[in-house]
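As a plain string of letters, each chain reads:
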Amino acid sequence: MSRNVIENESGGRPAGSGENRYGLPCPRYCLRECIHCASVIEHDRHERLDLVAGLKKIGRQSLEAQATTAIEQAIINGHFKPGSRLTEVTLSEQLGLSRGPVRAALTKLSTAGLIVQHPYASWEVIAFSDKDIWELFTLRASLECLAIELAMRRFSPAVNRRLQNALKKLEDACARDDFAATSNSDFAFHKTIVELSDHGLLVEHFERVEMRIKMLISSSNLRLPSSAELLAQHVPIADAFARQDIVLSQQTLRAHILDEGRALIDDYEKKPSAA
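What counts as what
- Residues numbered from 1 in each chain as written.
- Predicted model: local features only at pLDDT ≥ 70, side-chain atom pairs only at ≥ 80, totals over all residues.
- Heavy atoms only, no water.
- Helix = DSSP H or I, 4+ residues; strand = E, 2+ residues; numbered from the N terminus.
- Contact = heavy atoms within 4.5 Å.
- Areas by Shrake-Rupley, 256 points an atom, 1.4 Å probe, with all protein chains shown as cover.
- Axes fitted to C-alpha atoms, helices over the stretch in contact; angles between N-to-C directions.
- Parallel < 35°, antiparallel > 145°, perpendicular 65-115°, else oblique.
- Left-handed = near helix turned anticlockwise from the far one by under 90°.
- Nonpolar A, V, L, I, M, F, W, Y, C, P; charged D, E, K, R; others polar.
- Salt bridge = Lys/Arg side-chain N within 4 Å of Asp/Glu carboxyl O.
- Buried < 20%, exposed > 50% of the residue type's maximum accessible area, 1.4 Å probe, protein only.
- 1 Å grid on protein atoms, 1.4 Å probe; cavity = no way out; pocket = protein on both sides within 12 Å on 5 of 7 lines; lining within 4 Å.
- Points joined across faces, edges and corners; volume = space filled by probe spheres on them.
- Pairing = 2+ DSSP bridges.

### Side note on the overall build of the chain
Part 1: Counting its secondary structure elements, the chain contains 10 helices and 3 strands.
Part 2: Counting contacts in the chain only where the partners sit at least 6 residues apart, residues at least 24 apart contribute 64% of the total.
Part 3: Here the chain displays about 15000 Å² of accessible surface, and carbon together with sulfur accounts for 52% of that area.

Right under this line is the structure:
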């Protein structure tokens, strides 16, 4: 590309003379957009500089969000086992990030109840007791059964379609035999029921424990012999809802949640003796 002589806004010295169009030193010829001085000659200066500043802020937030998602998924999918020790330094190296976004992610996951903090920048993945599991599954059963009752009261083709679409996504994930996608779709199915209640406080209480619910759903799914069995547990719930059978919907949903809770507790009780 030729070094075009481009005058700055005041009509003075050209960018190729060692200064950019804003009169600042620049080691390059600012023909389009210079990463050294952010000089842009094709668009309005203020509009573009505001855009660049905004993108930088979004980028920083995105690193924190990406770190949160990566660590959350590693915990939920069993890469980091209950009781595993996590450190900012190791996670920063593994994720290729500075410690700032990693620390922010760990703080968020601690608030959500997935990890606990110890002195000297050490964190630990939460280890559930039998009581913890039973409390979460019984709470889930109560919240979701109320949610499906409220959703039934506002039943419409659009409401039903949302739940059937959630079931279809679970079916697709099971067909691919993708464990992470299957567990995510499993949770999404139950979250859809809660959201269809159109009850703000109910949704809020569910979201307070949703990361722990995700973790236990993943643990529960690990013990199933096949994805087909997981899908078979959810089809009757969606079918009863489509038929607008509120009693059967609640009975099927409650039995599914509590049965999985009991089975998971049995597995947890067996682990110490097998060790």
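### Structural notes on the packing of helix α2 (residues 88–95) against helix α3 (residues 99–111)
Part 1: α3 packs onto α2 with a crossing angle of 115° between their chain directions and a minimal axis gap of 9 Å. Taken together, the axis directions place α2 and α3 in an arrangement best described as roughly perpendicular. In the packing of α2 onto α3, the handedness of the crossing is right-handed. Contacts from E88, V89, L91, S92 and L95 in α2 reach R99, V102, R103 and L106 in α3.
Part 2: Along the lines of polarity and charge, the residues of the contact of α2 with α3 split into 5 nonpolar, 1 polar and 3 charged.

### Examining the packing of helix α4 (residues 130–153) against helix α7 (residues 200–208)
Part 1: For the pair α4 and α7, the least separation of the axes is 11 Å and the interaxial angle reads 150°. When the interaxial angle is binned, α4 and α7 end up roughly antiparallel. As for the relative orientation of α4 and α7, their crossing is left-handed in sense. Note on element contacts: α7 touches α4 through L202, H205 and F206, opposite L143, E144, L146, A147 and L150.
Part 2: Of the residues assigned to the contact of α4 with α7, the class counts are 6 nonpolar, 1 polar and 1 charged.

### Observations regarding the pattern of salt bridges
Part 1: Inspection of the entire model under this criterion finds 14 salt bridges.
Part 2: Here E135 makes a salt bridge to K131, at a shortest N to O gap of 2.3 Å. Placement of the pair is E135 and K131 together in helix α4, with a separation of 4 residues, close to one helical turn.
Part 3: For E135, a relative accessible area of 41% puts it in the partly exposed group.
Part 4: Bridged by salt links that share partners, the residues E88, R99 and R103 form one connected network.

### Considerations on the layout of surface pockets
Part 1: Its volume calculated, the second largest pocket comes out at about 150 Å³.
Part 2: In this structure, the second largest pocket is lined by D177, D178, F179, T182, N221, L222, L224, P225, S226, S227 and L230.
Part 3: Elements with a contribution of two residues or more to the lining of the second largest pocket: α6 (179–196), α8 (210–222) and α9 (227–242).
Part 4: Residue composition of the lining of the second largest pocket, by class: 5 nonpolar, 4 polar and 2 charged.

### Quick word on empty space enclosed by the protein
Part 1: On inspection of all chains with the given rule, the structure shows 1 cavity of 30 Å³ or more.
Part 2: Space inside the largest cavity adds up to approximately 70 Å³.
Part 3: Every residue lining the largest cavity is listed: F137, R140, D186, H190, L216, I217, S220, N221, L230, Q233, H256 and E260.
Part 4: For the lining of the largest cavity, a count of residues per class yields 4 nonpolar, 5 polar and 3 charged.

### Brief notes about unusual backbone geometry
Part 1: Positive phi, normally seen in glycine, also occurs at D177, with a value near 55°.
Part 2: With respect to the element layout, D177 can be found in the loop between α5 (157–176) and α6.
Part 3: Residue classification places D177 among the exposed positions, given a relative accessible area of 59%.
Part 4: For D198, which is not glycine, the phi torsion reads 55° and is therefore positive.
Part 5: Here D198 lies in the loop between α6 and α7.
Part 6: Residue D198 is classed as exposed on the basis of its relative accessible area of 58%.

### Description of the side chain of E72
Part 1: Mapped onto the elements, E72 comes out in helix α1 (residues 45–76).
Part 2: With relative accessibility at 7%, the residue E72 sits in the buried group.
Part 3: Among all residues touching E72, those that are not within four sequence positions of it are L109, L114, M211 and K214.

### What about the pairing of strand β3 (residues 122–125)?
Part 1: Pairing between strand β1 (residues 85–87) and β3: 3 bridges, direction antiparallel. From the neighbouring strand, T87 faces β3, where its bridge partner is S122.
Part 2: Direction of pairing for strand β2 (residues 115–118) relative to β3: antiparallel, over a ladder of 4 bridges. For Q117, the partnering residue across the bridge sits in β3 and is W123.

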